[in-house]
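Residue strings, one per chain:
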Amino acid sequence: MKICIIGTGYVGLVAGTCLADMGNEVICIDSNIEKVEQLKKGFVPIYEPGLEELIKYNVEENRLGFSTDLQAAVKKAQVCFIAVGTPESEDGSADLRAVIEVAKEIALAMNDYKVIVNKSTVPVGTAQKVAEVIKANTEYDFDVVSNPEFLKQGAAVSDFLSPDRVVIGSNSLRATAIMEELYSSFLKTENRVIIMDVKSAEMTKYTANAFLATKISFINEIANLCEKIGADIEMVRAGITTDKRIGNQFLFPGIGYGGSCFPKDVKALINIANQFDFSASVLEGVDKVNRNQKTLFLNKILEFFGGDISGKTFAIWGLAFKPKTNDMREAPAITIINELLRRGAKIQAFDPKAMPMAEAIFQDKITYAQNAYDALNNADALLLLTEWNEFRRPDFDKVKESLKSPVIFDGRNQYDRDELSAHGIEYFCIGRNATPENTYITV
Ligand code: NAD
């Protein structure tokens, strides 16, 4: 099939590449000329495991190309995906300007029947708006389909190639058949395509993200309570996650969720609810707990240093909003570093993939280390903010030697308190203030 993807970001680039890998002819369009030029030269602007190799292979096979020429790409394509950003507006609603602009451009380029697929995360009713804009600008037949994307950054390629499910919101049999054909190659062993009406598909995406965010805020709230009452969240977690109804995924306490999706999608869903005079109390709580989680972590650091951190140096391990990505959008590290800087502290940071992103954000306000141990040099404390695998089993003797004072604030509960204590390192984490006498539980 001939496909064009408009918006070549995390979603568009991965979707376009994977669709090309299944034998389709794909052109990825972006309005960012520099990005397109880089991609044409073989430079991949984002880090996703396996993506660079897959792009190279499909470009060589002439199935994948990059361009800024939306008109030409739309004319050639049978299916046009919209995968532009839908960032948060000031009032928390999703900013749909790019989606609507692209819809109009597609309409003006149409030369035949097309399926217009909305892959961006958009509020209920957006497909209808897109259809109205297209109808007002073309005489050709078309259908607008909602096909929300569920890939996880850090595992985006494998998620796209073998999705848990593919949701297609369509009110047209013709468009549904084309979409089913397109996705059939990804779902050879088991058909997990779920066809539904457009509004339900749009709502499904927000519901999925809001539920995942809720799990994180829930376990964080319980972790905070554990700290107060002297229980250990890791024990509590082990005790609940064996219940199949609860499950063991996405229930890790930490410094809160970040990234380009959960924060904005939770707020967008609250905004949608408000538009219908509906109070989304659970989601408001989810957002509040998440924002507070970073403050609680900062408070632990402040308390340890007697309320004054000016002139102190902090080593930071991990800047990306999660491991295996270079994405720092809404990363907890940004809030935490900015607050430490505001209070007069110095920062020595290291992340395996997000250093260029960090430099664009902080410029010369922080020091960029060459590697994890380099960041520790003479620092007053180590802060673990992203749980990259390479931070999991450091040489604690080396850590202790490099730090000015041996203390670790672990925002991701990665380390064993007893092990650190044996190394003479003070250790603070999330929800584990239990006294030694009540931690003799084996899991
Ligand atoms: P992104 O910011 O990485 O990419 C968006 C791209 O669209 C950018 O390259 C931008 O230059 C381009 N663009 C903007 N306006 C354009 C226009 N008028 N014409 C052509 N190109 C234009 O965003 P993303 O993370 O890929 O997210 C895209 C959408 O997918 C969002 O709605 C997001 O919520 C949703 N989504 C994201 C993820 C994720 O993990 N990042 C997962 C599922 C869904």
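Note that the coordinates shown come from a computational prediction; the quantities given were computed from them, not determined experimentally.

1. Things to note about the sheet that holds strand E13 (residues 407-410)
Part 1 of the argument: The strand order across the open sheet built from six strands is E11-E10-E9-E12-E13-E14, with neighbouring strands paired in parallel fashion. Of all the strands in the sheet, just strand E11 (367-368) and strand E14 (426-428) have a single pairing partner and so form its edges.
Part 2 of the argument: As judged from the four bridges shared by strand E9 (residues 313-317) and strand E12 (residues 381-384), these two strands associate in the parallel manner. Looking at the pairing, isoleucine 316 lines up with leucine 383 of E12.
Part 3 of the argument: Relative to the sheet, helix H12 (residues 281-304) contacts E9, E12, E13 and E14, its axis offset from that of E13 by approximately 165°.

2. A word on empty space enclosed by the protein
Part 1 of the argument: What the rule picks out here adds up to one cavity of 30 Å³ or more.
Part 2 of the argument: Each pocket or cavity is described by its volume, and for the largest cavity that value is around 30 Å³.
Part 3 of the argument: Considering the residues around the largest cavity, the lining is formed by Asn118, Ser120, Thr121, Val122, Ser146, Pro148, Ala201, Glu202 and Lys205.
Part 4 of the argument: The residue inventory of the lining of the largest cavity, partitioned by class, reads three nonpolar, four polar and two charged.

3. Quick look at the packing of aromatic side chains
Part 1 of the argument: Within this structure, the stated rule accounts for 15 aromatic pairs.
Part 2 of the argument: Considering the side-chain rings of phenylalanine 304 and phenylalanine 305, the 4.9 Å spacing of their centres and the 85° angle between planes classify their relative orientation as edge-to-face.
Part 3 of the argument: Given the relative accessible area of 28%, phenylalanine 304 is considered partly exposed.
Part 4 of the argument: For phenylalanine 305, a relative accessible area of 14% puts it in the buried group.
Part 5 of the argument: Arranged with centres 6.2 Å apart and planes meeting at 85°, the rings of tryptophan 317 and tyrosine 373 form a pair that is edge-to-face. Here the residue tryptophan 317 occupies a position in strand E9, and tyrosine 373 occupies one in helix H15 (residues 372-376), the gap between them amounting to 56 residues.
Part 6 of the argument: Exposure remark for tyrosine 373: the relative accessible area of 25% places this residue in the partly exposed category.
Part 7 of the argument: A network of ring pairs unites the aromatic residues Phe304, Phe305, Phe314, Phe409 and Phe428 as a single cluster.
Part 8 of the argument: Residue placement shows arginine 174 over the ring face of tyrosine 113; its charged tip is 3.4 Å from the ring centre.
Part 9 of the argument: Between the NZ or CZ atom of lysine 398 and the centre of the ring of tyrosine 373, over which it lies, the distance is 4.2 Å.

4. With respect to helix H11 (residues 262-275)
Part 1 of the argument: Taking 1.5 Å of rise per residue, the 14 residues of H11 would be expected to cover 20 Å, and the 20 Å separating its terminal C-alpha atoms lies within 8% of that figure.
Part 2 of the argument: Most of H11 is tucked away, with 11 of its 14 residues classed as buried.
Part 3 of the argument: Taken together, the buried positions of H11 are Phe262, Pro263, Lys264, Asp265, Val266, Ala268, Leu269, Ile270, Asn271, Ile272 and Ala273.
Part 4 of the argument: The positive-phi residue at the C-terminal boundary of H11 is aspartate 277, with phi of around 55°.

5. Re the site of the ligand
Part 1 of the argument: In the vicinity of the ligand there are 27 residues, among which Asp30, Lys35, Thr86, Gln153 and Lys264 approach most closely.
Part 2 of the argument: A distance of 2.6 Å separates an oxygen atom of the ligand from a polar atom in the side chain of aspartate 30.
Part 3 of the argument: In this structure, glutamate 101 approaches the ligand through a side-chain N or O atom, which is 3.3 Å from a nitrogen atom.
Part 4 of the argument: Against a free-state accessible area of 830 Å², the protein chains account for coverage of 87% of the ligand.

6. Some points on the pairing of E13
Part 1 of the argument: Side chains of E13 alternate between two faces, with Val407 and Phe409 and Ile408 and Asp410 buried alike.
Part 2 of the argument: Sheet topology note: the E12/E13 ladder contains three bridges and is parallel. Each bridged residue has a counterpart across the sheet, and for leucine 384 the counterpart in E13 is aspartate 410.
Part 3 of the argument: You can see the chain leave E12, run along helix H16 (residues 396-402) and come back into E13, and the turn it takes is right-handed.
Part 4 of the argument: Sheet analysis places E13 next to E14, joined by three bridges and oriented parallel. Pairing of isoleucine 408 across the sheet is with tyrosine 427, part of E14.
Part 5 of the argument: Of the crossover connections in this fold, the one passing from E13 over helix H17 (residues 417-422) to the parallel E14 is right-handed.

7. Digging into the layout of surface pockets
Part 1 of the argument: Reported here for the second largest pocket is a volume of approximately 440 Å³.
Part 2 of the argument: Around the second largest pocket, the lining is made up of 19 residues, and of these Glu227, Leu296, Lys300, Glu303 and Asn433 lie nearest the centre.
Part 3 of the argument: Of all the elements in the fold, those that place two or more residues in the lining of the second largest pocket are helix H9 (198-229), H12 and E14.
Part 4 of the argument: Broken down by element, the lining of the second largest pocket gets its largest block of residues, eight residues, from H12.

8. Description of the confidence of the model for the chain
Part 1 of the argument: Predicted confidence across the chain gives a mean pLDDT of 95, with 98% of residues reaching 70 or more.
Part 2 of the argument: Here residues 438-443 is a poorly scored stretch, pLDDT under 50, and it has seven contacts once near neighbours within four places are set aside; other chains count.

Quick notes on the rules
Residues numbered from 1 in each chain as written. Predicted model: local features only at pLDDT ≥ 70, side-chain atom pairs only at ≥ 80, totals over all residues. Heavy atoms only, no water. Pairing = 2+ DSSP bridges. Helix = DSSP H or I, 4+ residues; strand = E, 2+ residues; numbered from the N terminus. Contact = heavy atoms within 4.5 Å. Axes fitted to C-alpha atoms, helices over the stretch in contact; angles between N-to-C directions. 1 Å grid on protein atoms, 1.4 Å probe; cavity = no way out; pocket = protein on both sides within 12 Å on 5 of 7 lines; lining within 4 Å. Points joined across faces, edges and corners; volume = space filled by probe spheres on them. Nonpolar A, V, L, I, M, F, W, Y, C, P; charged D, E, K, R; others polar. Phe/Tyr/Trp six-rings, centres within 6.5 Å; stacked < 30°, edge-to-face > 60°. Buried < 20%, exposed > 50% of the residue type's maximum accessible area, 1.4 Å probe, protein only. Lys NZ or Arg CZ within 6 Å of the ring centre and 35° of its normal. Expected span 1.5 Å × (residues − 1). Near = heavy atom within 4 Å. Polar contact = N/O pair within 3.5 Å; in protein donor to acceptor, adjacent residues only side chain to side chain. Areas by Shrake-Rupley, 256 points an atom, 1.4 Å probe, with all protein chains shown as cover. Right-handed = clockwise from strand over helix to strand, strands pointing away. pLDDT = per-residue confidence, 0-100.

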